[in-house]
Amino acid sequence: MKKIYLDNASTTQLRPEVIHEMTKVLTEDFGNPSSTHSFGRNAKSIVELSRKTIAKSLNVSASEIIFTSCGTEANNWILRSAVKDLNVERIILSKIEHHAVLHTVELLQKEFGIQVDFVSLKSNGEIDLTDLVDLLSQEIKTLVSLMHVNNEIGTLLDVTKVGRICEQHNALFHSDMVQSVGKIEIDLQHSPIDFMVASAHKFHGPKGIGFAFVKKNSGLQPLFYGGEQEKGLRPGTEAVHQIAGMAKALELSYAHLETERNYIFELKKYLISRLEIEFPDFQINGNPDGIYTILNVLLPISETKTAMILFNLDMKGIAVSRGSACQSGSIKPSHVLAEMLSNEDLKKPSLRISFSHFNTKAEIDLLVEALKNI
Ligand code: PLP
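Conventions used here
- Residues numbered from 1 in each chain as written.
- Predicted model: local features only at pLDDT ≥ 70, side-chain atom pairs only at ≥ 80, totals over all residues.
- Heavy atoms only, no water.
- UniProt positions renumbered as here; feature names shortened; annotations may be inferred.
- Salt bridge = Lys/Arg side-chain N within 4 Å of Asp/Glu carboxyl O.
- Helix = DSSP H or I, 4+ residues; strand = E, 2+ residues; numbered from the N terminus.
- Buried < 20%, exposed > 50% of the residue type's maximum accessible area, 1.4 Å probe, protein only.
- Pairing = 2+ DSSP bridges.
- Right-handed = clockwise from strand over helix to strand, strands pointing away.
- Axes fitted to C-alpha atoms, helices over the stretch in contact; angles between N-to-C directions.
- Parallel < 35°, antiparallel > 145°, perpendicular 65-115°, else oblique.
- Left-handed = near helix turned anticlockwise from the far one by under 90°.
- Contact = heavy atoms within 4.5 Å.
- Nonpolar A, V, L, I, M, F, W, Y, C, P; charged D, E, K, R; others polar.

Under an unreviewed UniProt entry, the name given to the protein is cysteine desulfurase, and the source organism is Flavobacterium alvei. Turning to the protein, the UniProt annotation filed under Cofactor (unreviewed entry) states: "pyridoxal 5'-phosphate". As its UniProt record puts it under Catalytic activity (unreviewed entry), the protein is described as follows: "(sulfur carrier)-H + L-cysteine = (sulfur carrier)-SH + L-alanine".

Below is the structure:
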């Protein structure tokens, strides 16, 4: 049976060049970057060259990139330190942020008694910027945390615009860019963003590695203690092979961005056109003009089949998702869709299909055929 992977918002297949790079580092460059001998110096230079590559892709200085174990850790670190060390008294976010942000902010509210305000959403899942401006008129030390691309419905945020709004209101701006890094051009030099986070496994790099961009002189303090790595901001021996793999993956993603974006966008348009023919009453959840890698659809299929739909597709070797990966095994409806669908529609099957350049039109045809036979 041919297996079809259409769950790229959840994680992605590694590029062969990334595997090659990581294998080389694992085999040859095993030194500890903190050691002063040649093995250590060699490992250190791999870490620093990787940092430069990543910084260049996002147009920032290398000293502003801090490696972490994943996007979740980076989000936790920034939000917690902003409250604990930067005296943030209020966080503004949306109800459709990833749980790595939502649950962290809930906990900070309990622990530190901070004020938490949710910005309104438009019916298509986009952030209502007028409401953001209204919320920011209150004079209280604030951090705004809004994701660049929503991982379930693919809606996009104009981060430059939000950054400017935050700047005008003296608020800090943190953006979870896990779904956009490597897929959209990002210029942090020209966008007033204080903090952002990314994760390698979303852009064809390895799992277990991510990074944060932390603007110079931010005042952020570490979450962990016990070492001088990452300027003391994220101690622990660096995972040199993961860091090298992440830098290679990001470099290649941006080198091929134009071609791969066009190719993937065609796949998305093709799937929409096939659904229009086979399921004329289907609906797109979120803004149809969201990111090219994600399509979330509500299918006119009997409600009774909702619970089994992923299982049925999986039996045919097709991997898609009903929400974010951590929720896909749960029967709870997605917290993102719950913000924009009626109770009636929430019971119907919604699917998140997320693409990469490894997918083909033939795979889309097989998905549509499988859906017809459910
Ligand atoms: N933020 C978003 C938007 C995501 O999609 C994910 C992954 O599901 C994360 C954060 C968590 O990233 P990681 O898997 O690196 O912890």
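In this structure the tally under the stated criterion is 21 salt bridges. One salt bridge in this structure joins arginine 51 and glutamate 230, with 2.8 Å as the shortest N-O distance. With arginine 51 in helix α2 (residues 38–58) and glutamate 230 in the loop between β8 (210–214) and α7 (240–255), this residue pair connects regions lying 179 residues apart in the sequence. As far as the burial class goes, arginine 51 and glutamate 230 line up, both buried.

Where strand β3 (residues 90–93) lies against strand β4 (residues 115–118), four bridges are found, and the strand directions are parallel. In the strand pairing of β4, isoleucine 92 is matched with aspartate 117. Once you follow β3 into helix α4 (residues 99–112) and on to β4, the crossover reads as right-handed.

Turning next to the packing of helix α5 (residues 129–136) against helix α6 (residues 159–168). It is at 10 Å that the axes of α5 and α6 come closest, and there the two elements cross at 20°. On the basis of their axis angle, the class for α5 and α6 is roughly parallel. Crossing hand, α5 versus α6: right-handed. Together, Leu129, Leu132, Val133 and Leu136 of α5 and Lys161, Val162, Ile165 and Cys166 of α6 make up the contact between the two elements. Considering only residue class, the contact of α5 with α6 consists of seven nonpolar, no polar and one charged.

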